[in-house]
Amino acid sequence: MSLKDMLANYRCKRNGHTWTGPACNQKCSVCGLMGSTADHQYERRSRISASNPNVCGIEECKVCGMRRTIQHDWKPVANKKCVMYCAGCHTEKAFHQYATPMSPECRICGYRRAIIDPRTGRVT
Ligand SMILES: [Zn+2]
Ligand SMILES: [Zn+2]
Ligand SMILES: [Zn+2]
Ligand SMILES: [Zn+2]
């Protein structure tokens, strides 16, 4: 720790930190300590980030501008056994399980997918 840092710490101990910045992202202007990072007021900026479709979107704090990435919140759909739904971006994804790569029928829910027969080129 440098002498400058020691002096700054001493001043902060004696006088209390000198907080600057918006309420949700305060920083002590003397010692550089970050204050509480709670209570950001996040607002959705985009649904499904264009650069990363595997995340649900970007949120930005309307007070200090801090951004965070939101992951999809997959929940099973009640009457569709193998389908998950994310309420954040209104996206469904299916994860049916097939016994073999050529099996047309999901072994959990019975959903039938189209399989192209490589010999005939026809959809079965
Ligand atoms: Zn301080
Ligand atoms: Zn904030
Ligand atoms: Zn999502
Ligand atoms: Zn299924």
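In this text, all values refer to a predicted model and were calculated from it rather than measured experimentally. (Residues numbered from 1 in each chain as written. Chains lettered and ligands numbered in written order. Predicted model: local features only at pLDDT ≥ 70, side-chain atom pairs only at ≥ 80, totals over all residues.)

Below, the discussion takes up the overall build of the protein chain. When helices and strands are tallied, the protein chain shows one helix and eight strands. Listing the helices and strands of the protein chain from first to last along the sequence gives α-β-β-β-β-β-β-β-β. Against the 2.2 N^0.38 benchmark of 14 Å for 124 residues, the protein chain shows a C-alpha radius of gyration of 26 Å, more extended than a compact globule. Structurally, the protein chain occupies a C-alpha span of about 80 × 30 × 25 Å along its principal axes. Across the 124 residues in the protein chain, those meeting the buried criterion constitute 5%. Partitioning the intrachain contacts of the protein chain with sequence separation of at least 6 by distance along the chain shows that 18% fall at a separation of at least 24. (Helix = DSSP H or I, 4+ residues; strand = E, 2+ residues; numbered from the N terminus. Rg over C-alpha atoms; globule rule 2.2 N^0.38 Å. Buried ≥ 20, exposed ≤ 12 C-beta atoms within 10 Å, placed from the backbone. Contact = placed C-beta atoms within 7 Å.)

A separate point is the sheet that holds strand β5 (residues 67–71). As summarised here, the arrangement of the three strands in space is β3-β4-β5, forming an open sheet in which the pairing is antiparallel. Every interior strand has two partners, whereas the edge strands, β3 (42–47) and β5, have only one. Taking the axes of each pair of neighbouring strands and ignoring which way they run, one obtains an average angle of 35° across the sheet. (Pairing = 2+ DSSP bridges. Axes fitted to C-alpha atoms, helices over the stretch in contact; angles between N-to-C directions.)

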